[in-house]
Amino acid sequence: MTPPEPPAPFNECDQDNEAPGVPGFRSWPGVYWFVIAWFMLVVVLLALFTRAFA
Amino acid sequence: MNQTDWLVLLGTMLGIAAYGAWRTRHTDHLDTYLKGNRSTKWGTIGLSIMATQASTITYLSLPGQAYESGIAFVQNYFGLPLALIIVCAVFLPIYRRLGVYTAYEYLGKRFDGKTRLLGACLFLLQRGVQSGVTIYAPAIILSSVLGWQLNLTILFTGLVVIAYTVTGGSAAVTLTQKWQMAVIFGGMMTAFMVLLAKLPPGAFEMAGAMGKLRAVDFSPDPSKRYTFWSGLLGGLFLSLSYFGTDQSQVQRYLGGASAREGRLGLMFNAVMKIPMQFFIVLVGALLFVFFQFQPDTPVFFNRAEWARYTQGSEGTKLHALEEKYIRLRSVAQEKARAWLAARRGENSAIRANARTEMVAAQDAVDKTRNEAKEALLAADPKAKTKDSDYVFITFILSQLPHGFIGLLLAVMFASALSSKAAELNALAATSTIDLWRHFRPLAAHDEARNVRVAKWFTALWGSLAIGFALFASFAENLIEALNIIASIFYGVVLGIFLVAFFLKRVRGTPVFVAAIAAQALVIVMYFSLSIGYLWYNIIGCAACVIFSVILQAVIKSPASVETSRITVA
């Protein structure tokens, strides 16, 4: 059995501007805005849920 | 439990642990041992982050808490998505750029050795205390309900998690967490479906009428424990501190093929966490309705504790209370049925009257439950009077078919193992990198020795957690105990990191003194004020930042060094 290869060091020059690679999103700020919009939608839905069953 | 349940439970628990240990048995490089496999994708990282945060307490205590006081706890997670965005945009890029193993290593590069040690020690202290709770919590509940020996349950759980975490380190933790989360999702979904099938029509309306479905409360009252504002602001600081500076989480997203995988794993949690927590507390609110219509709903869900005292000197009183409870429950059931029949009627006065009578009948039942708890305390001031942690497990054991009982118990153990493993791995990483290597810098080049030391630290912290769980006496409300401990320490740690990232002019000594002063302030305030504990995250953080700025102006620090790569421009 051959010993495992030593791992290459982590890329220390991580690409801060690396594309998210998610369909529909060209930049990370776009992903962040989507998450904020999703969060607001969830809060609105929970508020409506509270009201519906009050 | 029958043989099928045992087979499912042990097969799942030991199978995943053995698989994780076997797949990662050749982990002999420090990078892989502390950061995990570099081919790990965002889905696995996302599940790993989720598994690290959600321990058994999440799945046992939260439904019980919702059973008692509704689903408002979900608001505690409102700050989480925003915090994860900040971690993605600020923390993660800098950590990866510097190639650090631990978050506290960054403090050493940005400030100095003593600030790094302070950050590491605050983490080790806080996590060390919590590590006993996370292993004790499932053991006390499951051993009590199933009649297992508490010490054996603690030992068994502890040894299994030590075995595979020592063997494969972070790689094993991430790998096993993926499969453990699959078991958890499958098990919780099964329990939810069975519960839905057993509920009467109008269950949601009834839970709402009983005040169990108030998910959002916009009240600005700071003395209220769960509101939109405390959840958004306090939760933001708590989450920012937890995901940005707690090594057990930092370690999860520092691994992976690239920064992209870590970022997407965090965003996966930002999107999924609130719906997931809502689902868990909803189970508790619906359990409340379910137990309304059960003929044998106990006055006190911790049956072992109740039985112990009914045989003692207060037995007659407890039996009398139990009979009173049965009578009142029967009235409450009638009123609930009357309301269910009237709720669709045309006459609003009849509907309102039926609802008022149902709520009043339930209040009488709750009052008797409280009397029973007071009677237990009268019998023994050390009696465990919080029984909400036993609500969900009572449902599992009494309502699920065999095989699924084993699966749900596997959920409880899988969640215990997954959070515990990440915790041990983080404690070991911090001990190795920030303490051992800090004091033995020459040993840093000996890769094999570093891995050996990390393995020893993993075993040591695991043994300490077991010892702590075996001999310590913990607060009854375990999930709150964990959050309170975290809130006392996290704010200050977050303050140190925020100064590091955003206040370029502040140097090591001012932030070090400021952090100690802020921590002392938070501890004094905790013991002298009664405000919601989430606010201590903000207070600790703000105090640390403000003190740092003031002290920087007062204390003469060494000249500024180049910080462009390690701060936010």
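Since this is a predicted model, take the numbers as computed values, not measurements.

**Concerning the overall build of chain A**
Then comes step 1: If you tally the helices and strands in chain A, you get one helix and zero strands.
Then comes step 2: Among the 54 residues that make up chain A, the fraction classed as buried is 26%.
Then comes step 3: Working note: accessible area of chain A is about 3,900 Å², and carbon and sulfur atoms make up 68% of it.

**Some details on the overall build of chain B**
Then comes step 1: The secondary structure content of chain B amounts to 21 helices and zero strands.
Then comes step 2: Expected size for 569 residues packed as a compact globule is a radius of gyration near 25 Å; at 25 Å, chain B falls within 12% of this value.
Then comes step 3: Pairs at least 24 apart in sequence give 86% of the contacts found in chain B among residues at least 6 apart.
Then comes step 4: A total of about 20,800 Å² of accessible surface is found on chain B, and carbon and sulfur atoms cover 63% of it.
Then comes step 5: One finds the centroid of the 51 positive side-chain charges in chain B at a distance of 10 Å from the centroid of its 33 negative side-chain charges.

**Topic: the interface of chain A and chain B**
Then comes step 1: In this complex, chain A contributes 34 residues to the contact, which on the side of chain B involves 48 residues.
Then comes step 2: Regarding the contact of chain A and chain B, the summed buried area is about 3,300 Å², with carbon and sulfur atoms giving 70% of it.
Then comes step 3: Seen at the junction of chain A and chain B, the total is zero salt bridges.
Then comes step 4: The tally of links between chain A and chain B comes to five residue pairs in polar contact (both at pLDDT 80 or more).

**Notes on the side chain of S239 of chain B**
Residue and element names in this part refer to chain B.
Then comes step 1: Position of S239 relative to the elements: it lies in helix α10 (residues 228–245).
Then comes step 2: Using a relative accessible area of 7% as the deciding quantity, one classes S239 as buried.
Then comes step 3: A distance of 2.8 Å separates a polar atom in the side chain of S239 from the backbone oxygen of G235.

**Topic: the pattern of salt bridges**
Residue and element names in this part refer to chain B.
Then comes step 1: Counted by the stated rule, this structure contains 14 salt bridges over all chains.
Then comes step 2: R127 is the salt-bridge partner of E423, the closest N and O atoms lying 2.7 Å from each other. Here E423 is found in helix α17 (residues 404–439), whereas its partner R127 is found in helix α7 (residues 113–146), with 296 residues between them in sequence.
Then comes step 3: Looking at E423, the relative accessible area reads 2%, which means it is buried.
Then comes step 4: Its salt-bridge partner being K324, residue E371 comes within 3.0 Å of it at the nearest N-O pair. Remark: K324 occurs in helix α14 (residues 315–342) and E371 occurs in helix α15 (residues 348–379); sequence separation between them is 47 residues.
Then comes step 5: Given a relative accessible area of 25%, E371 falls into the partly exposed group.
Then comes step 6: Judged by its relative accessible area of 28%, K324 is partly exposed.
Then comes step 7: Members of the salt-bridge network, linked through shared partners, are E68, R369, K373 and D387.

**Things to note about the packing of helix α4 (residues 56–69) of chain B against helix α16 (residues 391–399) of chain B**
All names here are of chain B.
Then comes step 1: Packing of α4 against α16 brings their axes to within 7 Å, and their N-to-C directions diverge by 105 degrees. By the criterion of interaxial angle, the relationship of α4 to α16 is roughly perpendicular. Across from Y59, L60, P63, G64 and Y67 in α4, the residues of α16 making contact are V391, F392 and I393.
Then comes step 2: In terms of residue class, the contact of α4 with α16 is built from seven nonpolar, one polar and no charged.

**Some points on the packing of aromatic side chains**
Residue and element names in this part refer to chain B.
Then comes step 1: Per the counting criterion, the structure on display carries 36 aromatic pairs over all chains.
Then comes step 2: Measuring from ring centre to ring centre gives 5.9 Å for F73 and Y77, while their planes differ by 70 degrees; the resulting arrangement is edge-to-face.
Then comes step 3: Assessed through its relative accessible area of 12%, Y77 is described here as buried.
Then comes step 4: Connected via pairs of aromatic rings, a cluster forms that spans F91, Y95, Y104, Y106, F123, F497, F501 and F502.
Then comes step 5: One residue, K35, lies across the ring of Y101, its end atom 5.0 Å from the ring centre.

**Focus: α4 of chain B**
Residue and element names in this part refer to chain B.
Then comes step 1: For α4, spanning 14 residues, the distance from its first C-alpha to its last is 20 Å, which sits close to the expected 20 Å at 1.5 Å a residue.
Then comes step 2: At L62, α4 shows its maximal bend, which comes to roughly 25 degrees, and the proline P63 appears one to four places after that position.
Then comes step 3: Extensive coverage of α4 is indicated by the burial of twelve of its 14 residues.
Then comes step 4: T56, I57, T58, Y59, L60, S61, L62, P63, G64, Q65, A66 and Y67 are the residues of α4 that are buried.
Then comes step 5: With its phi angle positive at about 90 degrees, G70 sits one or two positions after the end of α4.

**Let's talk about the packing of helix α5 (residues 80–98) of chain B against helix α12 (residues 259–292) of chain B**
Residue and element names in this part refer to chain B.
Then comes step 1: At a minimum axis distance of 9 Å, the contact between α5 and α12 shows a crossing angle of 170 degrees. Considered as vectors, α5 and α12 are oriented roughly antiparallel to each other. The residues of α12 that touch α5, namely those facing L80, P81, L84, I85, V87, C88, L92, P93 and R96, are A259, G262, R263, L266, M267, N269, A270, K273 and I274.
Then comes step 2: Split into classes, the residues belonging to the contact of α5 with α12 amount to 13 nonpolar, two polar and three charged.

**Some thoughts on the confidence of the model for chain B**
Then comes step 1: Considering every residue of chain B, the mean pLDDT works out to 87; 96% of them sit at 70 or more.
Then comes step 2: Confidence estimates for the predicted assembly give a pTM of 0.86 and an ipTM of 0.85.

What counts and what doesn't
Residues numbered from 1 in each chain as written. Chains lettered and ligands numbered in written order. Predicted model: local features only at pLDDT ≥ 70, side-chain atom pairs only at ≥ 80, totals over all residues. Heavy atoms only, no water. Helix = DSSP H or I, 4+ residues; strand = E, 2+ residues; numbered from the N terminus. Buried < 20%, exposed > 50% of the residue type's maximum accessible area, 1.4 Å probe, protein only. Areas by Shrake-Rupley, 256 points an atom, 1.4 Å probe, with all protein chains shown as cover. Rg over C-alpha atoms; globule rule 2.2 N^0.38 Å. Contact = heavy atoms within 4.5 Å. Lys, Arg positive; Asp, Glu negative; His and termini not counted. Charge placed at Lys NZ, Arg CZ, Asp CG, Glu CD. Buried area = accessible area lost by both parts, 1.4 Å probe. Salt bridge = Lys/Arg side-chain N within 4 Å of Asp/Glu carboxyl O. Polar contact = N/O pair within 3.5 Å; in protein donor to acceptor, adjacent residues only side chain to side chain. Axes fitted to C-alpha atoms, helices over the stretch in contact; angles between N-to-C directions. Parallel < 35°, antiparallel > 145°, perpendicular 65-115°, else oblique. Nonpolar A, V, L, I, M, F, W, Y, C, P; charged D, E, K, R; others polar. Phe/Tyr/Trp six-rings, centres within 6.5 Å; stacked < 30°, edge-to-face > 60°. Lys NZ or Arg CZ within 6 Å of the ring centre and 35° of its normal. Expected span 1.5 Å × (residues − 1). Bend = angle between axes of the 7 residues up to and from the residue. pLDDT = per-residue confidence, 0-100.

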